[in-house]
Amino acid sequence: MATAKVAAGSRKPNPNRGSKPGERRGGRQKGVPNKLSGDVKAMILAALDEAGGIDYLLEQSKNNPSAFMTLLGKVLPMTVAGDKDNPLQTVVKFTLAPLE
C-alpha cells in the first residue's frame, strides 16, 4: 500500500485538535513548585546554616562584594511597586552642555 505525500502547508488545520488559547491540558497545576528546585534550595539553606548563617553572609559581603551583590540581585523581588497612597516617583534629569 503506497502512501501519498502531502505538500507542506496544504493541509487544513483541524479545529478539534490542540488546546484553545488559555486552556490548560495536563502537566503540573499552576503554582506548584518544582520539587528539584525545592530540594536544592533546602540544601543551600542548610549549607548556609552550617557555614555560619548571617555572620557568614556579612563576612562575604565584605570579602567578596561582587559575588554578594550578585546573590542579592537574585533574591530581591524583580518588580518594585509603590503604595497606592504613596506612589513611587521617578525623576529624570538632563543636563545640556554648550557646544564649543
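As a reminder, the structure under discussion sits directly above these lines.
Because the structure is predicted, anything quoted here is derived from the model rather than measured. (Residues numbered from 1 in each chain as written. Predicted model: local features only at pLDDT ≥ 70, side-chain atom pairs only at ≥ 80, totals over all residues. Heavy atoms only, no water.)

## Here's the deal with the overall build of the protein
Helices and strands together make up the secondary structure of the protein, namely three helices and zero strands. Taken from the N to the C terminus, the helices and strands of the protein come in the order α-α-α. (Helix = DSSP H or I, 4+ residues; strand = E, 2+ residues; numbered from the N terminus.)

## A word on the layout of surface pockets
Taken as a whole, the largest pocket encloses approximately 370 Å³ of empty space. Looking at the lining of the largest pocket, the elements with two or more residues in it are helix H1 (35-51), helix H2 (54-63) and helix H3 (65-75). Ranked by residues supplied to the lining of the largest pocket, first place goes to H1 with six residues. Class assignment of the residues belonging to the lining of the largest pocket gives a composition of 12 nonpolar, two polar and one charged. (1 Å grid on protein atoms, 1.4 Å probe; cavity = no way out; pocket = protein on both sides within 12 Å on 5 of 7 lines; lining within 4 Å. Points joined across faces, edges and corners; volume = space filled by probe spheres on them. Nonpolar A, V, L, I, M, F, W, Y, C, P; charged D, E, K, R; others polar.)

## Some thoughts on a nonpolar patch on the surface
On the surface, a cluster of nonpolar side chains totalling about 410 Å² of accessible area is made up of Leu 36, Val 40, Met 43 and Ile 44. With respect to the helices and strands, the residue Leu 36 is situated in helix H1. (Patch = residues over 30% accessible without salt bridge, like charges linked within 9 Å, V, L, I, M, F, W, Y side chains within 5 Å. Areas by Shrake-Rupley, 256 points an atom, 1.4 Å probe, with all protein chains shown as cover. Salt bridge = Lys/Arg side-chain N within 4 Å of Asp/Glu carboxyl O.)

## Points about the packing of H2 against H3
Look at H2 against H3: their axes get within 5 Å of each other, and the N-to-C directions meet at 125°. With respect to H3, the element H2 is oriented oblique. Judged by residue contacts, Leu 57, Gln 60, Ser 61, Lys 62 and Asn 63 of H2 engage Pro 65, Phe 68 and Leu 71 from H3. (Axes fitted to C-alpha atoms, helices over the stretch in contact; angles between N-to-C directions. Parallel < 35°, antiparallel > 145°, perpendicular 65-115°, else oblique. Contact = heavy atoms within 4.5 Å.)

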